[in-house]
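Residues per chain are reported as follows:
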Amino acid sequence: MDQNVFDLIVNFLQQYFNCYDSNREELLAAYHKNSLFSLSLNVNSQASFSNQKFGPYFKDSRNQIYISGNEKLFKMLYSGNLDIVAFLSKMPKTEHDSNSFKLDTCFFSPNMISFSITGLLKEGEPDQKNRPLRSFQRVFVCVPTQTGQMSIVNEQYTISNPSKSQSKGLKVGAMVTEEMTPETAYTDPILAGISDPNQRNKTVEFSKFSKLNYKWSRDCLEFSNWDYEKAINAFQGYKDKIPNEAFLT
């Protein structure tokens with residue numbers, strides 16, 4: 001990578017994440033007026049060893065495994081710097097670990113540049129106990145401005161739980177990461193009876209979201225024809241009628 005291009009990206013990212021962690025309204029100037037943005041959750045990463053919940057993000061995730069219908073997918077695209085920054089401002093507070101950042105350039109020309117940044121962040125307020133540790137990837141497509149800066153025209157933001165190698169040796173202070181138990185999928189009789197890996201993963205994630213046991217989570221998904229979004233809506237509509245024994249203790 002050309003050193004001038006590298007310096008331009010690094011300077012841009014330093015300013016971007018300083019604003020993101022302190023005052024996201026200042027990011028208005030970073031996005032083009034016609035820019036597009038989408039958020040996705042990588043909830044089933046095989047590399048992940050943490051099972052932190054994704055509650056604050058689920059309803060806004062554009063992960064096409066769980067979202068069906070082009071109209072719904074289109075509605076989950078945020079368009080324009082005002083809508084994008086308004087959405088980002090509603091997301092949980094963050095503190096990014098710059099030492100974890102890894103930069104990769106995808107494409108460069110005088111008129112456009114595309115690059116991705118991966119790393120770790122702590123989620124929540126600084127004084128919050130047990131702050132979740134997240135792994136993230138942000139893919140930016142930018143164009144030059146008349147002032148010699150960069151303007152984001154497209155961003156794809158992916159959030160997942162960190163891998164063991166990412167967390168190993170990291171001084172995370174008050175953050176808590178919980179070990180996963182991969183063998184659960186094989187020892188739990190309900191999960192063992194679901195032959196489709198995608199359906200099994202949906203059952204696990206739905207149980208995390210709803211706090212229902214695996215049997216009720218599976219039944220709710222089956223009732224919704226394994227449409228994750230419909231299952232969430234059904235659960236929220238009938239939650240008060242579900243018996244206590246259906247929930248995890």
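Residues numbered from 1 in each chain as written. Predicted model: local features only at pLDDT ≥ 70, side-chain atom pairs only at ≥ 80, totals over all residues. Heavy atoms only, no water.

## Some details on the packing of aromatic side chains
As a reminder of what qualifies: Put simply, two rings from Phe, Tyr or Trp (the six-membered ring, in Trp's case) pair if the centres are within 6.5 Å, and we call them stacked under 30 degrees between planes, edge-to-face over 60, tilted for the rest. Exposure is judged per residue with a 1.4 Å probe applied to protein chains only, and the accessible area is read against the type maximum: over 50% gives exposed, under 20% gives buried, and values in between give partly exposed. We count a charge as sitting over a ring when the NZ of a lysine or the CZ of an arginine lies within 6 Å of the ring centre and within 35 degrees of the ring normal.
In total, this model carries 19 aromatic pairs according to the counting rule given. Considering the side-chain rings of Tyr 16 and Phe 17, the 5.4 Å spacing of their centres and the 80° angle between planes classify their relative orientation as edge-to-face. Just as Tyr 16 is buried, Phe 17 falls in that class too. Here the aromatic cluster, defined as three or more aromatic residues joined through ring pairs, consists of Phe 12, Tyr 16, Phe 17, Tyr 20, Tyr 31, Phe 101, Phe 115, Phe 136 and Phe 140. Lying over the aromatic face of Tyr 20, Arg 24 brings its terminal NZ or CZ to 4.0 Å of the ring centre. Over the ring of Tyr 157 we find Arg 138; its NZ or CZ atom is 4.0 Å from the centre of that ring.

## Points about the sheet that holds strand E3 (residues 94-109)
Rules: Think of it this way: DSSP has to see at least two bridges between two strands before they count as a pair. In DSSP terms, a helix is any run of H or I states spanning at least four residues, a strand is any run of E spanning at least two, and both are numbered starting from the N terminus. In this description, contact between two residues means that some pair of their heavy atoms is separated by no more than 4.5 Å. To get an axis, fit a line to the C-alpha atoms, keeping to the stretch in contact for a helix; angles then go from 0 to 180 degrees between the N-to-C directions.
Read from one edge of the open sheet, 6 strands run E2-E1-E6-E5-E4-E3, paired in mixed fashion. Looking along the sheet, the strands with just one partner apiece sit at the ends: strand E2 (78-79) and E3. Two strands pair when backbone bridges link them, and strand E5 (residues 133-144) and strand E6 (residues 150-160) are joined in this way by 10 bridges, in the antiparallel orientation. Considered in E6, the bridge of Pro 144 is made with Met 150. Against the sheet, helix H1 (residues 3-22) touches strand E1 (31-42), E3, strand E4 (112-123), E5 and E6, its axis set at about 145° to E3.

## Quick notes on the nonpolar core
To keep things clear, this is the line we draw: Take the buried Ala, Val, Leu, Ile, Met, Phe, Trp, Tyr and Cys residues and link them wherever side-chain atoms come within 4.5 Å; each set so joined is a nonpolar core.
Ranked by internal contacts, the top residues of the largest apolar core, which has 31 residues, are Tyr 16, Tyr 31, Leu 88, Met 91, Phe 115 and Tyr 157. Listing elements by their share of this core, those giving two or more residues are H1, E1, helix H3 (81-90), E4, E5 and E6. Once residues within four sequence positions are removed from consideration, Tyr 16 is found in contact with Leu 27, Ala 30, Tyr 31, Leu 88, Arg 138, Phe 140, Ile 152 and Glu 155. If you look at the next biggest cluster of nonpolar residues, it comprises 15 residues, including Leu 191, Ile 194, Leu 221 and Trp 226.

## Details of unusual backbone geometry
At Lys 211, a position not held by glycine, the phi torsion is positive, near 70°. By the element assignment, Lys 211 lies in the loop between helix H7 (197-210) and helix H8 (214-223). One non-glycine residue with positive phi stands out, namely Asn 225, at about 55°. Under the relative-accessibility criterion, Asn 225 is labelled exposed at 66%.

## Things to note about the pattern of salt bridges
For clarity, the threshold we go by: Salt bridges, as used here, are contacts in which a Lys or Arg side-chain nitrogen is within 4 Å of a carboxyl oxygen on Asp or Glu.
Inspection of every chain in the model, using the stated rule, returns 6 salt bridges. The residue Glu 123 makes a salt bridge to Arg 134 at a minimum N-O spacing of 2.9 Å. With Glu 123 in strand E4 and Arg 134 in strand E5, this pair connects stretches of sequence that are 11 residues apart. Both residues of the pair, Glu 123 and Arg 134, belong to the buried class. Members of the salt-bridge network, linked through shared partners, are Glu 95, Lys 122 and Arg 131.

## Things to note about the confidence of the model for the protein chain
Spelled out, the test is: As a per-residue measure, pLDDT reflects the predictor's confidence and takes values from 0 up to 100.
Here the protein chain averages 81 in pLDDT, and 81% of its residues register 70 or above. Taken as a whole, residues 171-186 scores under 50 in pLDDT and shows 31 contacts with residues more than four places along the chain or in a different chain.

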